[in-house]
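Listed here are the chains, written in short residue letters.
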Amino acid sequence: MTLSEHYSATLIDHFEHPRNAGAMADANAEGYVVNPVCGDSMRLFLRIDAAGSTIERASFLTSGCPASIATSSAATELITGLRLEEAEALTRDQFAAAVGGLPSSKVHCSVLAAQAIRVALDGWRERRGASGS
Ligand code: FES
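Residues numbered from 1 in each chain as written. Predicted model: local features only at pLDDT ≥ 70, side-chain atom pairs only at ≥ 80, totals over all residues. Heavy atoms only, no water.

(A) Representation of the overall build of the protein in the model. Across its full length, the protein carries six helices and three strands. The helix and strand sequence of the protein, counted from the amino end, reads α-α-β-β-β-α-α-α-α. Computed over C-alpha atoms, the radius of gyration of the protein comes to 14 Å, within 12% of the 14 Å expected from 2.2 N^0.38 for 133 residues, which places it in the range of a compact globule. Along the longest, intermediate and shortest principal axes, the C-alpha atoms of the protein span 55 × 25 × 25 Å. Per-residue burial over the protein gives 44% buried out of 133 residues. The contacts of the protein with a sequence gap of at least 6 include a subset with a gap of at least 24, amounting to 60%. (Helix = DSSP H or I, 4+ residues; strand = E, 2+ residues; numbered from the N terminus. Rg over C-alpha atoms; globule rule 2.2 N^0.38 Å. Buried < 20%, exposed > 50% of the residue type's maximum accessible area, 1.4 Å probe, protein only. Contact = heavy atoms within 4.5 Å.)

(B) Fine view of unusual backbone geometry. One non-glycine residue with positive phi stands out, namely N20, at about 60°. Looking at the secondary structure, you find N20 in the loop between α2 (9-16) and β1 (29-34). Owing to a relative accessible area of 34%, N20 belongs among the partly exposed residues under this scheme.

(C) Examining the pattern of salt bridges more closely. This model, assessed by the stated rule, comprises six salt bridges. With its nearest N and O atoms 3.6 Å apart, the salt bridge here joins R19 to E77. You can see R19 sitting in the loop between α2 and β1 and its partner E77 sitting in helix α3 (residues 66-79), a full 58 residues away along the chain. A salt bridge links E88 to R125; its shortest N-O distance comes to 2.7 Å. Taken together, the residues E88 in helix α4 (residues 84-89) and R125 in helix α6 (residues 111-130) connect sequence positions 37 residues apart. (Salt bridge = Lys/Arg side-chain N within 4 Å of Asp/Glu carboxyl O.)

(D) Highlighting α2. Of all the positions in α2, only L11, I12 and H14 are classed as buried. All buried residues of α2 fall inside an arc of 160° around its axis, so they share one side. For α2, the secondary structure elements touched by its buried residues are α1 (3-6), α3 and α5 (92-98). (Arc of directions from axis to C-beta.)

(E) Here's a closer look at the packing of α2 against α3. With their axes 8 Å apart at the nearest point, α2 and α3 run at an angle of 85° to one another. Here α2 lies roughly perpendicular to α3, going by the angle between them. Only P66, A67, I69, A70, S73, A74 and E77 of α3 make contact with α2, whose side of the interface consists of L11, H14 and F15. Class assignment of the residues belonging to the contact of α2 with α3 gives a composition of seven nonpolar, two polar and one charged. (Axes fitted to C-alpha atoms, helices over the stretch in contact; angles between N-to-C directions. Parallel < 35°, antiparallel > 145°, perpendicular 65-115°, else oblique. Nonpolar A, V, L, I, M, F, W, Y, C, P; charged D, E, K, R; others polar.)

(F) Representation of the pairing of strand β2 (residues 41-48) within the structure. Burial within β2 is extensive, with six of its eight residues counted as buried. Counting the residues between successive antiparallel strands, the hairpin from β1 to β2 contains six residues, one of them, G39, with a positive phi of roughly 90°. As judged from the eight bridges shared by β2 and strand β3 (residues 55-63), these two strands associate in the antiparallel manner. The residue bridging S41 from the neighbouring strand is S63, located in β3. In sequence, β2 turns back onto β3 through a hairpin of six residues, with G52 there showing a positive phi of about 75°. (Pairing = 2+ DSSP bridges.)

(G) Structural context of the sheet that holds β3. In space, the three strands of this open sheet follow the order β1-β2-β3, with antiparallel pairing throughout. At either margin of the open sheet sits one strand with a lone partner, and together these are β1 and β3. If you compare each strand with its neighbour and ignore which way they point, the axes differ by 15° on average. On top of the sheet, α3 reaches β2 and β3; it is set at about 175° to β3, its chief contact. Contacts from α6 reach β1 and β2 within the one sheet, and its direction differs from that of β1 by about 135°.

So, in structure tokens, the structure goes:
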């Protein structure tokens, strides 16, 4: 089986040339999620601006299949520059669409990015709330 039998050219490009791959030394929010279906994982790093309104940068470390790596890559591109609530409102279908769609057996792979964003923002809000700002 070749990648192109199952995946779009856009997905393969994101898989072979992931955008924003790697840890972020100055991240101020982080979300780690594991896909219960397959055990694959994603760690999302965010740099949220000082006003607490916008995602300035995003990067990721994903251990998983081509679909999960590609949707992680596309997700970091999509959320960069968005307001927090806009990023949170993105759905797994939008991440799947950003890589040209997913085969039905791989639809679950786009869940990682959507969940990681929520976990990262929930954790960031909790810490911000705890610090009283
Ligand atoms: Fe695990 Fe795709 S098979 S995320």
